[in-house]
Amino acid sequence: REERREERRRPLAPMEMVLPRGKRVFEVWPILEGRNRFFCRGLCITGPKEDIRFNMCTWLCILVPSVFYFVVCARDIAANVHWLLPAATGLLFSVTLVLLL
């Protein structure tokens, strides 16, 4: 019975059935008619070109309040509370932008 269990293999996932040996997903994605775009040898992935409106909305929802904060509020906070608070906010904002790219 144990030999029979070893002979049984798990069913292949859909990507394993299609991917040639030694190929990565981003290399065969156009063949599979996927619409996502890959950059940096598959490390970065974006949605299809139709998602540009949603992407722009996301960036505007991040950038508009941040610009308002840094132009209007950060000076007052730095002068009246502590200069490290806007500096830490700027650092976190920069990290957020880098990770979203």
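It should be emphasised that the depicted structure is a prediction, and the values quoted were computed from it without experimental measurement.

Check the secondary structure of the chain and you find five helices and two strands. Along its sequence from the N terminus, the chain presents helices and strands in the succession α-α-α-β-β-α-α. Counting only residues that meet the buried cut, the chain has 9% of its 101 residues in that class. Sequence-distant contacts in the chain: of pairs separated by 6 or more residues, those separated by 24 or more amount to 18%. If you sum the accessible surface of the chain, you get close to 9,200 Å²; carbon and sulfur atoms cover 62% of it.

One number sums up the size of the largest pocket: a volume of about 320 Å³. The wall of the largest pocket is formed by 15 residues, among which I45, T46, N55, W59 and L100 lie closest to the centre. For the lining of the largest pocket, the elements supplying multiple residues, two or more each, are β1 (37-39), β2 (44-46) and α4 (52-80). At four residues, α4 tops the list of elements feeding residues into the lining of the largest pocket. Here the lining of the largest pocket is composed, by residue class, of eight nonpolar, four polar and three charged.

Right, let's get into helix α5 (residues 84-100). In this model α5 runs 24 Å from its N-terminal to its C-terminal C-alpha over 17 residues, within 8% of the 24 Å that 1.5 Å per residue would give. The inward-facing, buried residues of α5 contact α4.

Along the chain, F39 falls in strand β1. Classification of F39 as partly exposed rests on a relative accessible area of 41%. When residues no more than four places from it in sequence are discounted, the contact partners of F39 are C44 and T46.

Turning our eyes to something else, we now look at the confidence of the model for the chain. The predicted model of the chain has a mean per-residue pLDDT of 78, with 69% of residues at 70 or higher. Model confidence for the chain, summarised as mean pLDDT per element, is weakest for helix α1 (residues 2-7) at 52 and strongest for α5 at 92.

About the criteria used
- Residues numbered from 1 in each chain as written.
- Predicted model: local features only at pLDDT ≥ 70, side-chain atom pairs only at ≥ 80, totals over all residues.
- Heavy atoms only, no water.
- Helix = DSSP H or I, 4+ residues; strand = E, 2+ residues; numbered from the N terminus.
- Buried < 20%, exposed > 50% of the residue type's maximum accessible area, 1.4 Å probe, protein only.
- Contact = heavy atoms within 4.5 Å.
- Areas by Shrake-Rupley, 256 points an atom, 1.4 Å probe, with all protein chains shown as cover.
- 1 Å grid on protein atoms, 1.4 Å probe; cavity = no way out; pocket = protein on both sides within 12 Å on 5 of 7 lines; lining within 4 Å.
- Points joined across faces, edges and corners; volume = space filled by probe spheres on them.
- Nonpolar A, V, L, I, M, F, W, Y, C, P; charged D, E, K, R; others polar.
- Expected span 1.5 Å × (residues − 1).
- pLDDT = per-residue confidence, 0-100.

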